Amino acid sequence: MHELSDVYSYLRWKKRFPAVWCPGCGIGSIMGAIIRAIIDLEIPKDDIAFISGIGCTGRMPVYLDFNTMHTTHGRALPFATGIKMHRPEMKVIVVSGDGDSLAIGGNHFIHAARRNIDITMILVNNSIYGMTGGQVAPTTPIGKVTHTMPYGNYEPPFNPVELAVSAGGSFAARGTVFSILQTTGYIKKAIKHPGFALVEIISQCPVQYGRMNNLGSARDMLLMQKKNSVPIKKAKEMSEEDLDGKIITGIFKEEIKTEYSSAYRNFAKEIRDGTGREDSP
Amino acid sequence: MTLNRKSPRGNPLLFIQGNEACVYGAIHAGCNFFAGYPITPSTEITEGMSVNLPGIGGTFMQMEDEIASIAAIIGASAAGAVSMTATSGPGFSLMQENIGYAYMVQLPIVIINVQRGGPSTGLPTMLSQADTMQARWGTHGDYTAIVLTASSVQEAYNVTIRAFQIADRFSTPVIVLLDELIGHMREKVELTMINNKNPVRRKLPEVPPEWYFPYKNTLDMVSHPAPFGEGFRYNITGLIHDKAGFPSSVEHEVINRMEFLRNKIMQHCQEIWDYREFYTEDAKYLIIAYGSAARAARGAIETLRNMRIKGGLIELKTVWPFPYLPISKIAEKAKSKIIFVAENNMGQLVHPVNEIFSNSVKVFNINRFDGHAIDPYEIVDMVKENIYA
Ligand SMILES: Cc1ncc(C[n+]2csc(CCOP(=O)(O)OP(=O)(O)O)c2C)c(N)n1
Ligand code: SF4
């Protein structure tokens, strides 16, 4: 367990609170989980670059006492890539909403995964665009109502974990806000992992998504997460039909492979030392 | 290509393209981070940086698009890099949102736009100056741009170095506007800064972290946000923010931020403005141009002078902020009767010139937008036509 005072020491809490998030929103719990993971890993605050895009999730950096950067919609990953490449010794963590990372930022997402650059990507999946008032996201399940899918969504959603893995990411996990302790464990592993590490966190947006789809209070939505969660091991034994609407949780991929920023450093050093390939400049 | 010669000052002399000169300029200025995406006619800059940066401890990245490219160089700048990208029209359009971001968060970056014809894919391999206004007004919101230019390969080298110095001096994005002719033509260049003793290096704050405010109003009106990872933890946001970098929509803070961003540039215009004069002392007929159009104008003026027509030229090296003060002074002193603005587009630079002279002096626009350079004789004819009209 973590002392509350320890957690508080990571917040710019005298200056920035109360937070912008609605009562019952899952983003606050996720922020708490990130802090607890960092406390456990004992990473100095100065060594962390904490980057976001735009959205409700994107507001997280301002509350945290790290080197924080709230960038433009969808672009957190390329900003983070620039930071990581210039200061490879820093721990670079990106938080991003599902629209931020998979719609407007979808191209950056697959390319960061392809490069396997050492960035921890915390993807807050609340199935909706929260900040702009409840429009369809690339993660909204078929049939659900949003302000731009008033008759029910007819677009198939992405599976972010599968997307990251197939693009080349070397760590991918999915957790929920309900099982926040387990999710904290995934975040810890992801931060420690040397490569592109995705943690997709299923979160509740009671104010937009919940209200429009009659999902009840935040508590009801959390209990839904509990009811629908299936650990990856168990899911392997279930039929596709039975898995419909379920949240498969666990670590889907954990593999050590060539990491981009260190590969670049090694290659550049070879060129400096003149030990590079014959035809290199 | 090396000329295998040295200048009298002992510097290497090369015979290279404008784009290659930009690469040398960037490296000699101290650039250590480049992210870009290939696009004609700027690709040689991207390629040149990929050859040069790894060997000097810098980073080169070809990104997935131009939005990622500019995002990466701003991120690198936040981490303390001296960073740049290069592009042309379509890519420049994609970069606009993040140019405003860099301006808002006061991080220095350099963007070279080797202009091609537009709109859309336009004329990829041909000459144009049609991004003159986009460079000024391209990003959304109220914004004050610094835009520099060059009309020769030597100047492409010089202006790239200057762009880095000015970006660092004012902690803001600086755009270098070249045109395809300058980017692709070959001329002799002296690498005057090859042994640069003062490459651009990002400053660290002089106060301890507990007293540090990244966006505090300083005496010289410029704030320099500290590089990440140096112990000065603070927040960077594209939202209007207070001196600590925290979002704010309090009226006086909004006004303060907006004015600060404008004033740090506008109150230092004298430092930024650069231009060259040809036969201006008695120029009854004054031409204003930049880049390849200015080259044509120089030729035209020689011809006009041979015909005993008092032509003169102000060749802009700074396009924005527009050097309205020097231009109006020169025109006043010379008692200029007609002003001609020569440009490779349908009329852009002519607007700020019109603003200066409103009704007092006649202003004519000489335009060419077929992808070819302006011919000196077009200018000569246009001047003759209008002075005898
Ligand atoms: C270029 C651009 N387009 C659109 C917007 C408006 N916008 C702000 S947040 C957002 C969507 C946020 O949804 P998501 O990424 O899922 O994050 P959430 O708010 O749900 O955490 C949009 C479309 C913007 N800020 N910038
Ligand atoms: S709109 Fe939804 S995601 Fe945004 S703060 Fe409110 S509950 Fe959270």
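What counts, and at which threshold
Residues numbered from 1 in each chain as written. Chains lettered and ligands numbered in written order. Predicted model: local features only at pLDDT ≥ 70, side-chain atom pairs only at ≥ 80, totals over all residues. Heavy atoms only, no water. Near = heavy atom within 4 Å. Polar contact = N/O pair within 3.5 Å; in protein donor to acceptor, adjacent residues only side chain to side chain. Helix = DSSP H or I, 4+ residues; strand = E, 2+ residues; numbered from the N terminus. Contact = heavy atoms within 4.5 Å. Buried area = accessible area lost by both parts, 1.4 Å probe. Salt bridge = Lys/Arg side-chain N within 4 Å of Asp/Glu carboxyl O. Nonpolar A, V, L, I, M, F, W, Y, C, P; charged D, E, K, R; others polar. Pairing = 2+ DSSP bridges. Phe/Tyr/Trp six-rings, centres within 6.5 Å; stacked < 30°, edge-to-face > 60°. Buried < 20%, exposed > 50% of the residue type's maximum accessible area, 1.4 Å probe, protein only. Axes fitted to C-alpha atoms, helices over the stretch in contact; angles between N-to-C directions. Domains from an automatic or database assignment. Disulfide = S-S within 2.5 Å. Core = buried A, V, L, I, M, F, W, Y, C linked by side-chain atoms within 4.5 Å.

> I'd like a description of the site of ligand 1, backed by residues and values.
Surrounding ligand 1, one finds 17 residues, the nearest of these being Cys56, Thr57, Asp98, Asp100 and Gly130 of chain A. Each of chains A and B places residues next to ligand 1. A distance of 3.0 Å separates an oxygen atom of ligand 1 from a polar atom in the backbone of Gly99 of chain A. A distance of 3.0 Å separates an oxygen atom of ligand 1 from a polar backbone atom of Met131 of chain A. Those elements giving two or more residues to the shell around ligand 1 turn out to be α5 (98-104) and β5 (128-129) of chain A. Per-element tally for the shell around ligand 1: the top contributor is α5 of chain A, with four residues.

> Tell me about the interface of chain A and chain B, and name the residues and values.
At the interface, 41 residues of chain A touch 46 residues of chain B. Between chain A and chain B, roughly 3,400 Å² of surface is buried when both sides are summed, and carbon and sulfur atoms account for 58% of that area. Here Asp46 of chain A makes a salt bridge to Arg233 of chain B, at a shortest N to O gap of 2.8 Å. At the surface where chain A touches chain B, the tally comes to 19 residue pairs in polar contact (both at pLDDT 80 or more). Broken down by secondary-structure element, the contributors of at least two residues to the side of chain A that touches chain B are α2 (13-16), β1 (48-52), β2 (67-70), α4 (76-86), α6 (106-115) and α13 (260-273) of chain A. Residue composition of the side of chain A that touches chain B, by class: 17 nonpolar, twelve polar and twelve charged. Here three bridges tie β2 of chain A to strand β11 (residues 235-237) of chain B, and the two strands are oriented parallel to one another. Its bridge partner being in β11 of chain B, His70 of chain A is matched across the sheet by Thr237 of chain B.

> Break down the packing of aromatic side chains for me, citing the residues and quoting the values.
This model, assessed by the stated rule, comprises 15 aromatic pairs over all chains. An angle of 35 degrees between the planes, with centres 6.0 Å apart, marks the rings of Phe50 of chain A and Phe66 of chain A as tilted. Residue Phe50 of chain A is found in strand β1, and its partner Phe66 of chain A is found in the loop between β1 and β2; the two are separated by 16 residues along the sequence. In this structure Phe50 of chain A comes out as buried when scored by relative accessible area, which is 0%. When its relative accessible area of 0% is taken as the criterion, Phe66 of chain A is described as buried. Consider the rings of Tyr103 of chain B and Tyr143 of chain B, whose centres lie 4.8 Å apart with planes at 80 degrees: the pair is edge-to-face. Within this pair, whereas Tyr103 of chain B is found in helix α4 (residues 89-105), its partner Tyr143 of chain B is found in the loop between α5 (132-137) and β8 (146-149), the two being separated by 40 residues in sequence.

> Describe in detail the sheet that holds strand β16 (residues 338-343) of chain B, supporting the description with residues and values.
All names here are of chain B. Reading across from one edge, β12-β14-β13-β16-β17 is the order of the five strands in this open sheet, with mixed pairing throughout. Only two strands of the sheet have a single neighbouring strand rather than two, namely β12 (275-278) and β17 (362-367). Ignoring strand direction, the axes of neighbouring strands in this sheet form an average angle of 20 degrees. Pairing between strand β13 (residues 285-289) and strand β14 (residues 311-316): five bridges, direction parallel. Across the sheet, Leu286 pairs through a bridge with Gly312, a residue of β14.

> Explain the domain arrangement of chain B to me, using residue names and the numbers behind them.
All names here are of chain B. By domain assignment, chain B separates into domain 1 (2-190) and domain 2 (275-387). Computed from C-alpha atoms alone, the centre-to-centre distance between domain 1 and domain 2 is 26 Å. Carbon and sulfur atoms make up 54% of the surface buried where domain 1 meets domain 2, a total of about 2,000 Å² over both sides. Across the contact surface, domain 1 and domain 2 share three salt bridges. Between Glu155 and Lys317 there is a salt bridge, and its shortest N-O distance comes to 2.6 Å. Inspection of the domain 1/domain 2 interface yields 20 residue pairs in polar contact (both at pLDDT 80 or more). Counting residues per element, the ones that place at least two in the side of domain 1 that touches domain 2 are β7 (123-127), α5, β8, α6 (153-170), β9 (173-179) and α7 (180-184). Among the elements that take part in the side of domain 1 that touches domain 2, β8 stands out by supplying four residues, more than any other. Tallied by class, residues from the side of domain 1 that touches domain 2 come to 14 nonpolar, seven polar and six charged.

> So what's going on with the state of the cysteines? Residues and values would help.
Residues and elements named next belong to chain B. The tally for this structure, following the rule as stated, stands at zero disulfides over all chains. Between Cys22, a cysteine without a disulfide, and Cys31, which holds the nearest cysteine sulfur, the sulfur-to-sulfur distance is 12 Å. Residue Cys22 is classed as buried on the basis of its relative accessible area, which comes to 0%.

> I'd like a description of the site of ligand 2, backed by residues and values.
What surrounds ligand 2 is the set Trp21, Cys22, Cys25, Cys56, Asn126, Gly130, Cys205, Pro206 and Gln208 of chain A. Looking at the shell around ligand 2 residue by residue, the class counts come to six nonpolar, three polar and no charged.

> Could you give an account of the nonpolar core, with specific residues and numbers?
Ranked by internal contacts, the top residues of the largest apolar core, which has 133 residues, are Ile51 and Met69 of chain A together with Met49 of chain B. In terms of residues, this core owes the most to one element, α6 of chain B, which gives ten residues. Lining this core are residues from two domains, each supplying at least three of them: domain 1 (2-190) and domain 2 (275-387) of chain B. Among all residues touching Ile51 of chain A, those that are not within four sequence positions of it are Pro61, Met69, Thr71, Ala76, Phe79, Ala80, Ile83, Val92, Ile93, Val94 and Val95 of chain A together with Phe228 of chain B.

> Report on unusual backbone geometry, specifying residues and quantitative values.
Residues and elements named next belong to chain B. For the bond running from Thr40 to Pro41, omega is 0 degrees, close enough to zero to count as cis. With respect to the helices, strands and loops of the structure, Pro41 is situated in the loop between β3 (33-36) and α2 (43-52). The amide bond that connects Gly118 to the next residue, Pro119, takes the cis arrangement and shows omega of 0 degrees. Mapped onto the fold, Pro119 is located in the loop between β6 (109-117) and β7. Located in the positive-phi region is Ser171, a residue other than glycine, with phi close to 45 degrees. Take Ser171: it is sitting in the loop between α6 and β9. With a relative accessible area of 2%, Ser171 lands in the buried category. One non-glycine residue with positive phi stands out, namely Tyr279, at about 50 degrees. For Tyr279, the position within the fold is in the loop between β12 and β13. Its relative accessible area of 35% is what places Tyr279 among the partly exposed residues.

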